[in-house]
Amino acid sequence: MKSMQAGTMEHRRKIRAAQVMAVLGALILAAFLISMNTGFIKLSPWDVMKTLVGAGTEKQELVLFDFRLPRIVLSVLVGAGLAVSGAILQGVSRNALADPGLLGISAGAGLAVILFISFYPMTEGAPVYLLPLCAFAGASLTAAVIYSLAFRKGQGVAPTRLILVGIAVSAGISAAMIVLTIKLNPEKFQFVSVWLAGSIWGANWHFVMALLPWLMILLPYVMVKARVLDILRLGEPLAIGLGTSTERERIRLLAAAVGLAGASVAVGGGIGFVGLIGPHLARRLVGPHHQYLIPASALAGGLLLIVADTLARWILQPSEIPVGIVVAIIGAPYFIYLLMKT
Amino acid sequence: MGRLYAKQVDIAYGDRIIVEQLSLTIPTGKITALVGANGSGKSTILKTLARIMKPKDGAVFLDGKAIHSQSTKEVAKQLAILPQNPTAPDGLTVSELVGYGRFPHQRGFGSLTQEDKRIIQWAIEVTGIVEFRDRPVEQLSGGQRQRAWIAMALAQQTDFLFLDEPTTFLDMAHQLEVLELLHKLNQEEQRTIVMVVHDLNHAARYAQHMIAIKKGKVVCEGAPDQVMTHDVLREVFGIEADIVADPRTGVPLCLPYGLAHASVERAHSHEKGA
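Residues numbered from 1 in each chain as written. Chains lettered and ligands numbered in written order. Predicted model: local features only at pLDDT ≥ 70, side-chain atom pairs only at ≥ 80, totals over all residues.

- By the naming in an unreviewed UniProt entry, chain A goes by Iron ABC transporter permease and is assigned to Brevibacillus thermoruber.
- Heading Subcellular location (unreviewed entry) of the UniProt record for chain A holds this comment: "Cell membrane".
- On record in UniProt, under Sequence similarities (unreviewed entry), the comment for chain A is "Belongs to the binding-protein-dependent transport system permease family. FecCD subfamily." (UniProt positions renumbered as here; feature names shortened; annotations may be inferred.)

### Here's the deal with the overall build of chain B
Here's step 1: Along chain B, the regular secondary structure elements total ten helices and twelve strands.
Here's step 2: Its C-alpha radius of gyration of 19 Å places chain B within 12% of the 19 Å reference for a compact globule of 274 residues.
Here's step 3: Each principal axis of the C-alpha distribution contributes one length, and for chain B these read about 60 × 40 × 35 Å.
Here's step 4: Looking at chain B residue by residue over its 274 residues, the buried ones come to 44%.
Here's step 5: Partitioning the intrachain contacts of chain B with sequence separation of at least 6 by distance along the chain shows that 63% fall at a separation of at least 24. (Helix = DSSP H or I, 4+ residues; strand = E, 2+ residues; numbered from the N terminus. Rg over C-alpha atoms; globule rule 2.2 N^0.38 Å. Buried ≥ 20, exposed ≤ 12 C-beta atoms within 10 Å, placed from the backbone. Contact = placed C-beta atoms within 7 Å.)

### Digging into the confidence of the model for chain A
Here's step 1: Looking at chain A as a whole, its pLDDT mean stands at 85, while 93% of the residues score no less than 70.
Here's step 2: Throughout residues 1–6 of chain A the model reports pLDDT below 50, and contacts reaching past four residues in sequence, or to other chains, amount to eight contacts. (pLDDT = per-residue confidence, 0-100.)

### Observations concerning the pairing of strand β2 (residues 16–26) of chain B
One face of the sheet, then the other: side chains in a regular strand alternate in exactly this way.
All names here are of chain B.
Here's step 1: In this sheet, β2 lies alongside strand β1 (residues 4–13) in antiparallel orientation, the contact comprising seven bridges. Each bridged residue has a counterpart across the sheet, and for Leu4 the counterpart in β2 is Ile26.
Here's step 2: Here β1 folds back onto β2, and the loop between the two strands holds two residues, one of which, Gly14, carries a positive phi near 60°. (Pairing = 2+ DSSP bridges.)

### Notes on helix α12 (residues 274–286) of chain A
Residue and element names in this part refer to chain A.
Here's step 1: Spanning 13 residues, α12 covers 18 Å between terminal C-alpha atoms, matching the ideal 18 Å at 1.5 Å per step.
Here's step 2: With twelve of 13 residues buried, α12 lies mostly within the body of the structure.
Here's step 3: All of the buried residues along α12 are Val274, Gly275, Leu276, Ile277, Gly278, Pro279, His280, Leu281, Ala282, Arg283, Leu285 and Val286.
Here's step 4: Looking one or two residues beyond α12, the residue adopting positive phi is Gly287, at roughly 90°. (Expected span 1.5 Å × (residues − 1).)

### What about the confidence of the model for chain B?
Residues and elements named next belong to chain B.
Here's step 1: Looking at chain B as a whole, the pLDDT averages 89, with 94% of positions reaching at least 70.
Here's step 2: Put simply, helix α10 (residues 261–269) is where chain B has its lowest mean pLDDT, 58, and strand β8 (residues 192–196) is where it has its highest, 96.
Here's step 3: Listed scores for the predicted complex are pTM 0.88 and ipTM 0.88.

### Re the sheet that holds β1(B)
All names here are of chain B.
Here's step 1: If you walk across this open sheet you meet the four strands as β2-β1-β4-β5, and the pairing is antiparallel. The open sheet is flanked by β2 and β5 (65–66), the only strands paired with a single partner.
Here's step 2: As paired elements, β1 and strand β4 (residues 57–62) share five bridges and run antiparallel to each other. The residue bridging Asp10 from the neighbouring strand is Asp57, located in β4.

### Describing the nonpolar core
Here's step 1: The biggest cluster of nonpolar side chains holds 186 residues, and the ones touching the most others in it are A:Ala296 and B:Phe162.
Here's step 2: At 17 residues, the largest contribution of residues to this core is made by helix α3 (residues 58–93) of chain A.
Here's step 3: Built from parts of two domains, this core gets at least three residues from each of domain 1 (4–78 + 158–269) and domain 2 (89–154) of chain B.
Here's step 4: Non-local contacts of A:Ala296, meaning those with residues more than four positions away in its chain, are made with A:Ala17, A:Val20, A:Met21, A:Leu24, A:Ala282, A:Leu285 and A:Val286. (Core = buried A, V, L, I, M, F, W, Y, C linked by C-beta atoms within 7 Å. Domains from an automatic or database assignment.)

### Here's the deal with the interface of chain A and chain B
Here's step 1: On the chain B side, the residues contacting the 23 residues of chain A number 33 residues.
Here's step 2: Of all the elements in the fold, those that place two or more residues in the side of chain A that touches chain B are α1 (2–37), α9 (226–232) and α10 (236–241) of chain A.
Here's step 3: Per-element tally for the side of chain A that touches chain B: the top contributor is α1(A), with five residues.

The structure is reproduced here in structure tokens:
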């Protein structure tokens, strides 16, 4: 009887989390199906079905398999990566407003991309494929710089200092980016501004394959660390008191967050907001336990981005708007709503 | 006699040294109260004893081994600490918070075992918060919340329990409630309890050992009637007080009637923060 009682709340949370994840999963699936039909070249649901089983025309196959599907899959993966990264950062910094931008990930990646573009001629072929690598390097480098600047000997990295240093460094980098973009020619400038606004620009299966391993390794790792994240959330003294090597765990988790966001930004560009809203939404739905919060964030982020990317292709047909802008358009009202409620 | 002691410890915040060459022993199986004025370093000493802060020099020993070089998870099975004003994430329920106390005993993925659940249940019952178990922590009153945090520390099942001002911000009934609970844990389960307390009369009544601290140094330590003297109170707190015997229990009670001369001047010149 007593042990039944002790299990009630745990049980209720588990059921709730399972329901939430099932619904989010179903919504992603629905968005996936709708997204396959959306775009400049019309494919009816029937055409999509036929093409999927191998009975479509050559053109339909090209559109679906080489353009649309990788892009849809990529948007889900990028959304998931950014949202989980945000969930980690919000847990580690104990700040509900933290997101991958906090560690200078978007800014660092952006700067690297701009540098790359200003020094490389925009020609067909190889250089564009180096762009994600470049973005990833920029993101990790910036994160490392911010971490070491926030580090104090004997005290480690205090979350508040990390946030402040992150804001300062990101602001500095943004300023440098503006200076650099002024010098670009119009063609390059347009490319850069679309990249910075966030766009699943290069969508092909290579990018999917480049991002997938990061998620497949880091997501399970973060799940193993879910309880550590719960404990870190209680603050430094309690976390140590409960037996966590706070400094070591923090650096590992931050590295995981940088890996996830860096890889996502590398293929998705500077998409903001997903890393902030995904975990927020998830927390409202499944509560504060990271064991549920992490997978729910992944699903919420994936859903958000697949919906945003579908809208980005649909709103101004035949042209597209960068998905990052759509995310911001959805995200800003949600945040204002949250603000009014609390 | 003591499983936990500090040997020639220096403690500093950055370059500012707070405590110098401190050596003290925590008597096993007793309630020890650290008392001292604001800014005396008592809280810093408590944190260092509980390995939350690293000493600049010297070491704290638990069962003969330097506490900071032991695995923090192993130490967490021996020693629990409740800091001042802990905060819980929004939406976390009391029983979930208490469940966090099982963290040092868990591994990897595993969820709570039957044994864990039994201990959580016990901690919730002994602290008298059964009716709030499924309520979010942030919705509890101060006294209930403090008991929930103590329950979490109890679920850690440690021999040592450290508390930093466990009664601050509580009304009188809740203060006594918390202190009675600690007294019971000490008496019935022989837990060693170390706490920072502001109320000297509470310290004298509930602790068997008192350590008076001024500017990071131990001025006086021993049984309450050795520490609660006119001279010690004047030296440590800068107050003039009469010491009388509690008519019920016989423990010393302090009745302050004024500021000692030196500290009147100090109070006029500047007020130092905690």
